[in-house]
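Listed below are the residues making up each chain.
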Amino acid sequence: MVKIYIGESPVDAHIVCGLLNTDHIDCEVRGDALFSIQGEVPFDDSTAPYIWLNEPSQYVKAKRIIKEFVTHKTRHKADWHCIQCGELNEGNFVICWQCGEPYTPNSVT
Ligand SMILES: [Zn+2]
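Below or above, wherever it landed, is the structure these notes cover. This one's a predicted model, so the numbers in the text were calculated from it and none came from an experiment.

### Considering the overall build of the protein
Working step 1: Across its full length, the protein holds three helices and five strands.
Working step 2: Along the chain direction, N to C, the helices and strands of the protein fall in the order β-α-β-α-β-α-β-β.
Working step 3: Within the protein, the proportion of its 109 residues that are buried is 32%.
Working step 4: Of the roughly 6600 Å² that the protein leaves accessible, carbon and sulfur atoms contribute 54%.

### Considering the environment of Ile65
Working step 1: Tracing the backbone through its elements, the reader meets Ile65 in helix H3 (residues 59–75).
Working step 2: Take Ile65: its relative accessible area is 10%, and that puts it in the buried class.
Working step 3: Excluding anything up to four places from it in sequence, Ile65 contacts Leu19, Leu20, Asp23 and Ile25.

### Points about the coordination of the zinc ion
Working step 1: Each protein donor to the zinc ion is listed here as Cys82 (SG), Cys85 (SG), Cys96 (SG) and Cys99 (SG); together their distances run 2.3 Å.
Working step 2: Of note is the zinc ion, whose four donor atoms meet at the metal with angles of 105 to 114 degrees in an arrangement that counts as tetrahedral.

### Re the packing of aromatic side chains
Working step 1: Across all of its chains, the model carries two aromatic pairs by this definition.
Working step 2: Their ring planes at 65 degrees and their centres at 6.4 Å tell us that Tyr50 and Trp52 sit as a pair that is edge-to-face.
Working step 3: Looking at Tyr50, the relative accessible area reads 9%, which means it is buried.
Working step 4: Since its relative accessible area comes to 22%, Trp52 is described here as partly exposed.
Working step 5: Ring geometry for Trp80 and Tyr103: centres 5.2 Å apart, planes at 80 degrees, overall edge-to-face.

### Re the side chain of Gln58
Working step 1: Tracing the backbone shows Gln58 in the loop between strand S3 (50–53) and H3.
Working step 2: A polar contact of 3.0 Å, which involves the side chain of Gln58, links it to the backbone oxygen of His24.
Working step 3: A polar contact is formed between the side chain of Gln58 and the backbone nitrogen of Asp26, at a distance of 3.1 Å.
Working step 4: What Gln58 contacts, discounting residues up to four positions off in sequence, is His24, Ile25, Asp26 and Leu53.

The rules behind these values
Residues take numbers from 1 onward in each chain, read along the sequence in its written order. Selection of residues for local features in this predicted model requires a pLDDT of at least 70, selection of side-chain atom pairs for listing and counting requires 80 or more, and totals for whole chains, interfaces and linings are taken over all residues. Water and hydrogen atoms were dropped before computing side-chain values, which therefore reflect all heavy atoms in the structure. Going along the chain from the N terminus, every DSSP run of H or I of four or more residues is numbered as a helix, and every run of E of two or more is numbered as a strand. Only protein chains enter the area calculation, which uses a 1.4 Å probe; residues under 20% of their type maximum are buried, those over 50% are exposed, and those in between are partly exposed. All accessible-area figures derive from a Shrake-Rupley calculation using a 1.4 Å probe, and residue coverage is judged against the displayed protein chains alone. For this analysis, residues touch if any pair of their heavy atoms sits within 4.5 Å. Each metal site is built from N, O and S donor atoms within 2.8 Å (3.2 Å for Na, K and Ca), and since water is not included, such sites may look incomplete. Irregular is the label for any site that misses the other tests, which are tetrahedral for four donors with all angles between 85 and 135 degrees, and square planar for four donors or octahedral for six when opposite donors exceed 155 degrees and the remaining angles lie between 65 and 115. In this analysis, rings of Phe, Tyr and Trp, with Trp reduced to its six-membered ring, are considered paired at centre separations within 6.5 Å, and the interplanar angle assigns stacked below 30 degrees, edge-to-face beyond 60, and tilted for intermediate values. Counted as a polar contact is a pair of N or O atoms within 3.5 Å, where, for protein atoms, one must be capable of donating a hydrogen and the other of accepting one, and residues adjacent in sequence contribute only when both atoms are in side chains.

Here you go:
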């Protein structure tokens, strides 16, 4: 198993893990249970929600997807239409709030 991503929150980690699963990358989130006791223990790497890659040969592909996700998350601010259901989403959403379809560059109006 290879540690590939540290989520800002359990939700963030699960979104990224879901994106990877969509591309048939075998990964899982660990540490999100510990996240709930934050405040009682010092926040450090041991309490952050990690994504673990089960298949090391998928590392490069997974990293590329994560890089795209992070780039989008930090730069994209324009509203976008979901390619799946057509719903208008605010720019800070990375997945459609209506149907859960991930944002893609083709979604921009
Ligand atoms: Zn949608």
